[in-house]
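Chain and residue survey
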Amino acid sequence: MRIHAVHTLYDERLARSTRPFLARGCKVERCRQCMLRTHLCICEYRPLATSNAAFLLIMFDDEILKPSNTGRLIADVFEDTFAYIWSRTEPNTEMLALLNDPQWQPYVVFPAEYAEPERVAENVELPDGKRPLFIMLDGSWAEAKKMFRKSPYLNNFPVLSINPDKPSRYKMREASKDNQLGTAEVAAKIVDLFCEHENAEMLDLWFDVFRENYITGKMNRLLPDDSALKTLQSFMLEYGN
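Residues numbered from 1 in each chain as written. Predicted model: local features only at pLDDT ≥ 70, side-chain atom pairs only at ≥ 80, totals over all residues. Heavy atoms only, no water.

1. Thoughts on the nonpolar core
Counting residues in each nonpolar core, the largest one holds 52 residues, and the members touching the most others are Phe 55, Ile 64, Ile 74, Phe 78, Phe 134, Met 136 and Leu 203. By residue number, the principal contributor to this core is helix α6 (residues 197-218), which donates nine residues. Aside from chain neighbours lying at most four places away, what touches Phe 78 is Ala 49, Ser 51, Ala 53, Phe 55, Val 191, Glu 196, Asn 199 and Leu 203. Membership of the second largest hydrophobic core comes to 24 residues, among which are Leu 99, Trp 104, Leu 154 and Val 159. (Core = buried A, V, L, I, M, F, W, Y, C linked by side-chain atoms within 4.5 Å. Buried < 20%, exposed > 50% of the residue type's maximum accessible area, 1.4 Å probe, protein only. Helix = DSSP H or I, 4+ residues; strand = E, 2+ residues; numbered from the N terminus. Contact = heavy atoms within 4.5 Å.)

2. Let's talk about the sheet that holds strand β5 (residues 131-138)
If you walk across this open sheet you meet the six strands as β2-β1-β5-β3-β6-β4, and the pairing is parallel. A single partner strand is all that each edge strand has here, and the edge strands are β2 (81-85) and β4 (120-121). Where strand β1 (residues 54-59) and β2 come together, five bridges link them in parallel fashion. Its bridge partner lying in β2, Leu 56 is registered against Phe 82. Contacts between helix α4 (residues 141-149) and the sheet are confined to β1, β3 (104-109), β5 and β6 (159-160), with β5 contributing the most and set at about 125° to the helix. The strands touched by helix α5 (residues 183-193) within the sheet are β1, β3, β5 and β6, with β5 carrying the most contacts at an inclination of about 160°. (Pairing = 2+ DSSP bridges. Axes fitted to C-alpha atoms, helices over the stretch in contact; angles between N-to-C directions.)

3. As for the pattern of salt bridges
This model, assessed by the stated rule, comprises eight salt bridges. Taken together, the shared-partner salt bridges connect Arg 13, Arg 16, Asp 61 and Asp 62 into one network. (Salt bridge = Lys/Arg side-chain N within 4 Å of Asp/Glu carboxyl O.)

4. A few points about the packing of aromatic side chains
Within this structure, the stated rule accounts for 12 aromatic pairs. When the ring of Phe 235 is compared with that of Tyr 239, the centres are 4.6 Å apart and the planes differ by 45°; the resulting orientation is tilted. For Phe 235, a relative accessible area of 4% corresponds to the buried category. By relative accessible area, Tyr 239 is classed as partly exposed at 33%. Taken together through their ring pairs, the aromatic side chains of Phe 55, Phe 78, Tyr 107, Phe 134 and Phe 194 make up a single cluster. (Phe/Tyr/Trp six-rings, centres within 6.5 Å; stacked < 30°, edge-to-face > 60°.)

5. Concerning the packing of α6 against helix α7 (residues 227-238)
Put simply, α6 and α7 touch, their axes get as near as 8 Å, and they point 155° apart. The orientation of α6 relative to α7 falls into the category roughly antiparallel. Considering only the axes of α6 and α7, their crossing is left-handed. On the side of α6, the interface is formed by Glu 198, Glu 201, Met 202, Leu 205, Trp 206, Asp 208, Val 209 and Glu 212, while α7 contributes Ser 227, Ala 228, Leu 229, Thr 231, Leu 232, Phe 235 and Met 236. Across the contact of α6 with α7, the residue classes tally to nine nonpolar, two polar and four charged. (Parallel < 35°, antiparallel > 145°, perpendicular 65-115°, else oblique. Left-handed = near helix turned anticlockwise from the far one by under 90°. Nonpolar A, V, L, I, M, F, W, Y, C, P; charged D, E, K, R; others polar.)

Now the structure itself:
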């Protein structure tokens, strides 16, 4: 099984914990990779996209430990995904080197209303030889705003925004805004904007599989109805993956 950047970051964050992470559901036995209850593990079904897109997840400190986090779903599907814990005063040096690597064109994914107009990009435009690096600020809405405001190393990068046309399917936490999407849902819309439509659909369907199994566990049911998994499997067969 492929171990990706979010798995590694989770282990590193857990290793430096000085006290247990006591969120709701913390006593449930979970798979260490997908963070679902062990009998609801979906790891064997994990899809992998062939993509020119890459992602950088900048995660608020405890976000990596939350079973409801959907940033890890991006790393499941997109092989070139990097993940780091955010620090206001001591940003990770490897992360800064990544942002300055000439192979990437970074884009900060955030609502346009919080950025200067001249930073807002309507589309993904790439100089010759560069690939997009989509930067996702992964945390609660309040935490994401804090990361956006207090990360000066991101200030020179263009901002990509989306306008959700449907309510979020993310029902695992209470959203602070009606049109607020889960991290993986936003990423899927960004990939669609980048015109990798099949990869966007793959991530959306993988999100649905995770959501269905997470809610099944949260409601203490034994098994999901697997409708989301069947839809994903049909999609993968259709596109030869």
